[in-house]
Amino acid sequence: MSRVRRFTVVLVLLSLAAASCGGADEEIGWVGDTVIHLSDIGALFEGDTLPMDDVFLDTLYRVMAVETLDQGLAADFGDAVDPALVDTYLAELEARRAESGETPAQFLGVANASDEMIRFNAELLALRDTTVEHLLVSPETVELLLSHPATMTNVCVKHILVETEEEAQAVKERLEAGEDFAAVAAEVSIDTSTAGGDLGCTFAGSYVFEFSEAALAAPLGEITGPLETEFGWHVLIVTDRNEPTREEYLADPESMLSDDDISNLWREWFNDKLQQVDARVAEKYGTWTSIGIKAPEASTTTTAPTTTTTTG
């Protein structure tokens, strides 16, 4: 299967840095049996001193979140991220950074970010790609999509949008009398973003519910309406409609779904993993929740933590 659509925005979501080779290293979080050390966070920043503020807690949360997703990928699909894919993304990110002439901190918008933070962005992108490839062809996803045809049925539609039902009825009568659709649209439609009222071809599910339902049900080539949506009153004609079979979908699932639909699959999966994970944080740093680490009620820490420098 070809690689799924890539994220084009750098996401400051981090994964675990390499563990220290030796020396004392504070344990600050746990995801299942995996221990998160202070040095794992330290590797993501330049220098020996870490920020003791929301940036630190947010980074710790993101480190633990990505470890959660790595474990979920293994548990659900028996797979792991391919290092070669990580390297591909890392090369792309580094090329963009070099072209911009920015430091890692400037490129990512995170103060004192290190090169390791860029690598973790690459790891997240690779994790997302690998997981989505599995999600797209999982039996649960396939059955859900086939039971909701709007999601992947491609419709070609043209419409005329007016403010009132009376105006829409008048438009319909003019069209039924033989007037040219594009000419009437150019004269009366308040949707000025489409030439001649032609919306082109796209997934029915990308439209608001009422319009989507009409696009799925309307006889091809026939004038349909008046139809009311939140935008006004429509008269439409569906010129073509294609609902893929199971075999057609499985042959190229990525092309059958919109970017939003693919993102929703990913989002629902990782939200479920974050809500179910057995994770906790060292008490002095706060409390793990599925949406972030809640800071401790009262902190006795007055100086920023330092990471342990080790050799190995």
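One numbering rule holds for all chains: residues counted from 1, following each sequence as written. Only residues with pLDDT of at least 70 get local features here, since the model is predicted, and only at 80 or more are side-chain atom pairs given and counted; chain-wide, interface and lining totals rely on the full set of residues. Excluding hydrogens and water, the side-chain figures rest on all heavy atoms present in the structure.

Caption draft 1: A look at the nonpolar core. With 40 residues, the main nonpolar core has Ile-28, Ile-41, Phe-56, Leu-60, Met-64, Trp-288 and Ile-293 as its most contacted residues. Residue assignment for this core shows that the elements contributing at least two residues are strand E1 (27–31), helix H1 (38–42), helix H2 (54–77), helix H3 (83–100), helix H4 (104–108), helix H5 (115–137) and strand E7 (279–281). For helices the rule is a DSSP run of H or I covering at least 4 residues; for strands it is a run of E covering at least 2, with both sets numbered from the N terminus onward. Ranked by residues supplied to this core, first place goes to H2 with seven residues. Grouping buried Ala, Val, Leu, Ile, Met, Phe, Trp, Tyr and Cys residues that are joined through side-chain atoms within 4.5 Å yields what is termed a nonpolar core. Accessible area is worked out with a 1.4 Å probe on protein chains only. A residue is then buried under 20% of its type maximum, exposed over 50%, and partly exposed in between.

Caption draft 2: Region of the structure containing the pattern of salt bridges. Salt bridges are defined by distance alone: a side-chain nitrogen of Lys or Arg within 4 Å of a carboxyl oxygen of Asp or Glu. Per the stated rule, a full pass over the model turns up eight salt bridges. A salt bridge links Arg-119 to Asp-87; its shortest N-O distance comes to 3.9 Å. Of the two residues, Arg-119 sits in helix H5 while Asp-87 sits in helix H3, which places them 32 residues apart along the sequence. In this structure Arg-119 comes out as partly exposed when scored by relative accessible area, which is 26%. Residue Arg-97 pairs with Glu-94 through a salt bridge whose shortest N-O separation is 3.1 Å. With Arg-97 and Glu-94 both in helix H3 and three residues apart, this pair spans about one turn of that helix.

Caption draft 3: The side chain of Ser-39, seen in detail. Among the structural elements, Ser-39 can be located in helix H1. Residue Ser-39 is classed as buried on the basis of its relative accessible area of 8%. Whenever a nitrogen or oxygen atom comes within 3.5 Å of another N or O atom, the pair is scored as a polar contact, on the condition that within protein one atom can donate a hydrogen and the other can accept it, and that pairs from neighbouring residues in sequence are kept only if both atoms are in side chains. A polar contact is formed between the side chain of Ser-39 and the side chain of Asp-25, at a distance of 2.3 Å.

Caption draft 4: The arrangement of a negative patch on the surface in detail. In this scheme, patches are assembled from residues that exceed 30% relative accessible area and form no salt bridge. Like charges are connected within 9 Å, while nonpolar side chains (Val, Leu, Ile, Met, Phe, Trp, Tyr) are connected within 5 Å. Surface exposure here means Shrake-Rupley accessible area, sampled with a 1.4 Å probe, where a residue is shielded only by the protein chains that are shown. Only four residue types enter the charge count, namely Lys and Arg as positive and Asp and Glu as negative; His and the chain termini do not. The location of each charge is read from NZ of Lys, CZ of Arg, CG of Asp or CD of Glu. On the surface, a cluster of negative charge is made up of Glu-163, Glu-165, Glu-166, Glu-167, Glu-210, Glu-213, Glu-228 and Glu-230. Structurally, Glu-166 is set in helix H7 (residues 165–176).

Caption draft 5: Region of the structure containing helix H6 (residues 139–147). Listed in full, the buried residues belonging to H6 are Thr-141, Val-142 and Leu-145. The arc that holds every buried residue of H6, seen down its axis, measures 95°, which confines them to one face. Within H6, the exposed residues directed more than 90 degrees away from the buried face are Pro-139 and Glu-140. Note that the arc is computed from the directions linking the helix axis to the C-beta atoms.

Caption draft 6: Here's a closer look at the state of the cysteines. Here, the term disulfide refers to a pair of cysteine sulfur atoms separated by no more than 2.5 Å. This structure, assessed with the given rule, holds one disulfide. One disulfide bridge connects Cys-156 with Cys-201, the sulfur atoms lying 1.9 Å from each other. Residues Cys-156 and Cys-201 are joined by a disulfide whose S-S torsion is about 105°; by sign, that bridge is right-handed. On the criterion of sequence distance, the pair formed by Cys-156 in strand E3 (residues 154–162) and Cys-201 in strand E4 (residues 198–203) is long-range, its members being 45 residues apart.

Caption draft 7: Examining the pairing of strand E6 (residues 232–242) more closely. Pairing between E3 and E6: nine bridges, direction antiparallel. Paired with Ile-160 across the strands is Val-235, a residue of E6. When DSSP finds two or more bridges between a pair of strands, those strands are recorded as paired. Relative to E6, strand E5 (residues 223–229) runs antiparallel, the two being bridged by five bridges. The residue of E6 that forms the bridge with Glu-228 is Trp-233. Where E5 folds back onto E6 in an antiparallel hairpin, the turn is made up of two residues.

Caption draft 8: How the structure looks around unusual backbone geometry. In the segment running from Gly-225 into Pro-226, the intervening peptide bond is cis, with an omega of 0°. For Pro-226, the position within the fold is in strand E5. We note that Asn-112 has phi near 65°; this positive angle belongs to a residue other than glycine. On the secondary structure map, Asn-112 appears in the loop between H4 and H5.

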